[in-house]
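Next come the chains, spelled out residue by residue.
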Amino acid sequence: MSAEQWRPESFRGKPNAQDIRYPDEAALADARDRLSRLPPLVTSWEIDKLRGLLADAQLGKRFVLQGGDCAESFADCRPDRLVSQLKILLKMSLVLILGSKKPVVRIGRVAGQYAKPRSSPTERRGDRELPSYFGDLYNKPEFEESARRPDPQLLLEGYRNAALTLNFIRSLSAGGFADLHHPEYWDLSFLSRAELPASLRADYARTLEQLGDALRFMEALGNASIGELSRVDFFTSHEGLNLEYESAQVRKVPHRDGHYLLNTHLPWIGERTRALDGAHVELFRGLANPIGVKVGPKTRGEDLLQLLDVLDPKGVPGRMVLITRMGHDKVQDALPPLLATIAREGRPVLWLCDPMHGNTTTASSGHKTRSFTDILAELEGAFAAHAAAGTILGGVHFELTGEDVTECIGGASGITEADLSRAYDTLCDPRLNHAQALEMAFLLARRMRA
Ligand code: PEP
Ligand code: CO
């Protein structure tokens with residue numbers, strides 16, 4: 001397979017484990033054609049810069065925070081949602097900088113996280129069976145025949161929403177977050193909950209105080225540093241599931257080698273679509289972007305090596321991001337052999353821990369949920385496995401939101417199963433809410449200081 005020549009269209013005809021067909025081929029061709037003529041969302045030099053930062057993170061010189069919604073929706077392309085999403089990621093990153101004593105690379109699951117792999121191509125309700133909802137890029141969530149029909153116009157609508165999202169993020173990142181420099185204004189009401197053990201409360205308070213001191217010190221250094229401090233780098237990522245959407249923005253760039261995917265900085269291949277001979281691996285192997293791959297508990301070391309042979313035959317620093325998502329009960333058995341294999345072969349990869357996707361359960365109410373304790377346990381397991389193997393856990397990957405939702409159980413804010421129906425908003429997987437995400441960052445910082 002890798003012996004064959006790669007072209008932007010060579011993925012066509014390869015097996016696709018999430019083969020979602022558009023009923024109207026002429027309409028698809030038209031939408032694709034229009035999509036491929038639109039200006040790109042990101043530039044090749046931003047992508048090259050990110051590759052350099054990820055190469056540093058592979059060596060333990062930076063720490064990566066990747067996070068955002070499981071599925072972005074077009075309806076959520078709203079200023080308040082985007083501001084709160086960016087703010088929580090930024091707050092977490094400040095806490096993580098303090099804990100890790102390293103610069104943090106911030107990567108959103110944002111501006112294109114519109115396509116979702118599903119375990120079943122169809123959904124049954126009563127005696128009706130319709131195509132599953134595959135994310136706003138394909139179809140709509142309402143359980144109606146017309147809503148569930150894949151619509152190529154949504155490719156264009158998704159691209160426009162991604163552009164609006166990114167435009168706003170870029171403006172905000174250029175200096176719209178001065179208030180974040182004052183942790184005393186953050187919403188930290190969960191810290192006063194009775195459930196929080198006194199030792200943790202003291203630890204969080206100390207962290208906040210140190211953070212405030214550090215930020216005030218930076219500001220006191222003068223105008224230049226205030227400017228620097230107010231401008232934050234922020235990169236985008238999404239699962240590259242819909243190959244019509246992705247391949248339409250694969251471009252040659254003047255004066256640079258190779259082809260770039262210019263609708264995001266960091267595309268990743270999901271756990272369900274990383275087959276070696278599959279269409280997704282074929283498209284992504286030819287891209288110059290850094291590439292993420294989700295790695296589940298059934299993965300063997302041999303599988304990973306074969307994937308790296310295809311996706312990164314030259315071992316380019318910063319190219320490969322392996323995002324492990326094992327489950328809190330499997331991480332201690334499943335991760336060490338993979339770490340050992342990759343270390344033995346001396347492959348440069350960035351290991352991230354996604355403690356969300358191996359820890360999904362169904363509550364008695366029927367809600368998909370995740371427990372804060374399980375999420376934390378997988379993170380602990382990943383840190384321990386890397387320490388034992390002498391490898392580097394270079395970052396973390398979360399599904400989270402800056403909103404006050406009730407989708408995951410636990411944490412100091414005390415969300416229980418009974419709370420799930422109160423503010424269960426996600427279109428797909430359960431996310432950490434504002435308080436849970438921030439508490440997770442405090443706990444991670446504490447772990448990294450230790
Ligand atoms: C996701 O990140 O939303 C996802 C579907 O993950 P995975 O491919 O690891 O199941
Ligand atoms: Co998800």
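Calculation notes
- Residues numbered from 1 in each chain as written.
- Chains lettered and ligands numbered in written order.
- Predicted model: local features only at pLDDT ≥ 70, side-chain atom pairs only at ≥ 80, totals over all residues.
- Heavy atoms only, no water.
- Helix = DSSP H or I, 4+ residues; strand = E, 2+ residues; numbered from the N terminus.
- Rg over C-alpha atoms; globule rule 2.2 N^0.38 Å.
- Contact = heavy atoms within 4.5 Å.
- Areas by Shrake-Rupley, 256 points an atom, 1.4 Å probe, with all protein chains shown as cover.
- Lys, Arg positive; Asp, Glu negative; His and termini not counted.
- Charge placed at Lys NZ, Arg CZ, Asp CG, Glu CD.
- Near = heavy atom within 4 Å.
- Polar contact = N/O pair within 3.5 Å; in protein donor to acceptor, adjacent residues only side chain to side chain.
- Nonpolar A, V, L, I, M, F, W, Y, C, P; charged D, E, K, R; others polar.
- Axes fitted to C-alpha atoms, helices over the stretch in contact; angles between N-to-C directions.
- Parallel < 35°, antiparallel > 145°, perpendicular 65-115°, else oblique.
- Left-handed = near helix turned anticlockwise from the far one by under 90°.
- Expected span 1.5 Å × (residues − 1).
- Buried < 20%, exposed > 50% of the residue type's maximum accessible area, 1.4 Å probe, protein only.
- Salt bridge = Lys/Arg side-chain N within 4 Å of Asp/Glu carboxyl O.
- Donors = N, O, S within 2.8 Å, 3.2 Å for Na, K, Ca; no water.
- Phe/Tyr/Trp six-rings, centres within 6.5 Å; stacked < 30°, edge-to-face > 60°.
- Pairing = 2+ DSSP bridges.

Novice: How should I be thinking about the overall build of the protein chain in this particular structure?
Specialist: When helices and strands are tallied, the protein chain shows 13 helices and 14 strands. Against the compact-globule benchmark of 22 Å for 450 residues, the protein chain has a radius of gyration of 21 Å, which places it among compact chains. Once the C-alpha set of the protein chain is aligned to its principal axes, its extents read approximately 60 × 55 × 45 Å. Of all intrachain contacts in the protein chain linking residues separated by at least 6 positions in sequence, the fraction that spans at least 24 positions is 76%. For the protein chain, the accessible area works out to roughly 18300 Å², and carbon and sulfur atoms hold 52% of it. For the protein chain, the distance from the average position of its 56 positive side-chain charges to the average position of its 60 negative side-chain charges is 3 Å.

Novice: Whenever I open this one, the site of ligand 1 confuses me. Can you help?
Specialist: Close to ligand 1 lie 13 residues, the nearest being Arg109, Lys116, Glu271, Lys294 and Arg325. Here Glu271 contributes a backbone N or O atom positioned 2.9 Å from an oxygen atom of ligand 1. One of the side-chain N or O atoms of Arg272 is found 3.1 Å from an oxygen atom in ligand 1. For ligand 1, whose free accessible area comes to 300 Å², the fraction covered by protein is 97%. Taken together, the residues of the shell around ligand 1 break down into three nonpolar, two polar and eight charged.

Novice: Help me understand the packing of helix 3 (residues 79-100) against helix 13 (residues 434-449), please; the structure alone is not making it clear to me.
Specialist: A packed helix pair is summarised by two numbers, namely the angle formed by the two axes and the spacing between the axes. At a minimum axis distance of 8 Å, the contact between helix 3 and helix 13 shows a crossing angle of 15°. Judged by the angle between their axes, helix 3 and helix 13 are roughly parallel. As helix 3 packs across helix 13, the resulting crossing turns out to be right-handed. The segment helix 3 lies against helix 13, with Ile88, Lys91, Met92, Val95, Leu96, Gly99 and Ser100 engaging His434, Ala437, Leu438, Ala441, Phe442, Leu444, Ala445, Met448 and Arg449. The residue makeup of the contact of helix 3 with helix 13, split by class, is 11 nonpolar, three polar and two charged.

Novice: Explain helix 13 to me, please; I cannot follow it from the model alone.
Specialist: The periodicity of an α-helix, 3.6 residues per turn, causes residues three or four positions apart to be oriented the same way. Taking 1.5 Å of rise per residue, the 16 residues of helix 13 would be expected to cover 22 Å, and the 23 Å separating its terminal C-alpha atoms lies within 8% of that figure. For helix 13, the tally of buried residues reaches 13 of 16 residues, placing the bulk of the element in the interior. Its side-chain oxygen placed 3.2 Å from the backbone nitrogen of Ala435, Asn433 serves as the N-cap of helix 13.

Novice: Honestly, the pattern of salt bridges in this entry has me stumped. Any pointers?
Specialist: Should the charged atoms of two oppositely charged side chains come close, the side chains can pair. Within this structure, the stated rule accounts for 36 salt bridges. For Glu244, the salt bridge is made with Arg12, and the minimal N-O distance between the two is 3.0 Å. Taken together, the residues Glu244 in helix 8 (residues 243-247) and Arg12 in the segment before helix 1 (25-37) connect sequence positions 232 residues apart. The shortest N-O distance in the salt bridge between Arg344 and Glu345 comes to 3.3 Å. We classify Arg344 as exposed; its relative accessible area is 60%. A residue is classified by how much of its surface remains accessible, and Glu345, at 38% relative accessible area, is partly exposed. Put simply, Arg109, Lys368, Arg370, Glu399 and Asp429 are held in one network by salt bridges that share partners.

Novice: Looking at this model, I keep getting lost on the coordination of the cobalt ion (ligand 2). Mind explaining?
Specialist: In an ideal tetrahedron of four donors about a metal, each angle is 109.5 degrees. In an ideal octahedron of six donors, the angles are 90 or 180 degrees. The coordination sphere of the cobalt ion (ligand 2), as far as protein atoms go, consists of Cys70 (SG), His357 (NE2), Glu399 (OE) and Asp429 (OD), spread over 2.1 to 2.4 Å. Each donor residue of the cobalt ion (ligand 2) belongs to the same chain, and together they define the spacing C-x286-H-x41-E-x29-D. With Cys70 in the loop between strand 1 (63-68) and helix 3 and Glu399 in strand 14 (residues 393-399), this residue pair connects regions lying 329 residues apart in the sequence. According to the relative accessible area criterion, Cys70 is buried, its value standing at 0%.

Novice: What am I meant to see in the packing of aromatic side chains here?
Specialist: Two measures describe an aromatic ring pair: the distance that separates the ring centres and the angle between the ring planes. Evaluation of the coordinates by the stated rule reveals five aromatic pairs. Considering the side-chain rings of Tyr204 and Phe442, the 4.8 Å spacing of their centres and the 25° angle between planes classify their relative orientation as stacked. One end of the pair, Tyr204, is in helix 6 (residues 198-220); the other, Phe442, is in helix 13, and 238 residues separate them in sequence. Pair check on accessibility: Tyr204 and Phe442 agree, each one buried.

Novice: Just checking my understanding: could you explain the side chain of Asp374 for this structure?
Specialist: With respect to the secondary-structure elements, Asp374 resides in helix 12 (residues 372-389). Of the side chains bearing the opposite charge, Arg370 lies closest to the buried Asp374, which forms no salt bridge; the N-O distance is 9.1 Å. In this structure Asp374 touches His328 and Asn359, once residues within four positions along its chain are discounted.

Novice: Help me out: how do you make sense of the sheet that holds strand 10 (residues 320-324) in this one?
Specialist: A barrel is described by the order of its strands in space; here eight strands give the closed sequence 1-2-5-8-9-10-11-14, paired in parallel fashion. Strand after strand, the sheet turns through a mean of 25° between neighbouring axes, direction not considered. Bridge count between strand 1 and strand 2 (residues 104-109): six bridges; the pairing is parallel. Bridge assignment links Gly67 to a residue of strand 2, and that residue is Gly108. Strands in contact with helix 12 are strand 10, strand 11 (350-353) and strand 14; relative to strand 14, the strand with the most contacts, it is inclined by about 165°.

Novice: Is there a simple way to explain the packing of helix 3 against helix 6 in this structure?
Specialist: For the pair helix 3 and helix 6, interaxial distance at closest approach is 10 Å and the crossing angle is 95°. With respect to helix 6, the element helix 3 is oriented roughly perpendicular. Along the contact surface, helix 3 presents Leu94, Val95 and Leu98, while helix 6 presents Thr207, Gln210, Leu211 and Leu215. Grouping the amino acids of the contact of helix 3 with helix 6 by side-chain chemistry returns five nonpolar, two polar and no charged.

Novice: Explain the environment of Val405 to me, please; I cannot follow it from the model alone.
Specialist: The topology assignment puts Val405 in the loop between strand 14 and helix 13. With 111 residues separating them in the primary sequence, Val405 and Lys294 have C-alpha atoms 26 Å apart. Residue contacts for Val405: discarding those within four places in its chain leaves Ile415, Ala423, Asp425, Arg431 and Asn433.

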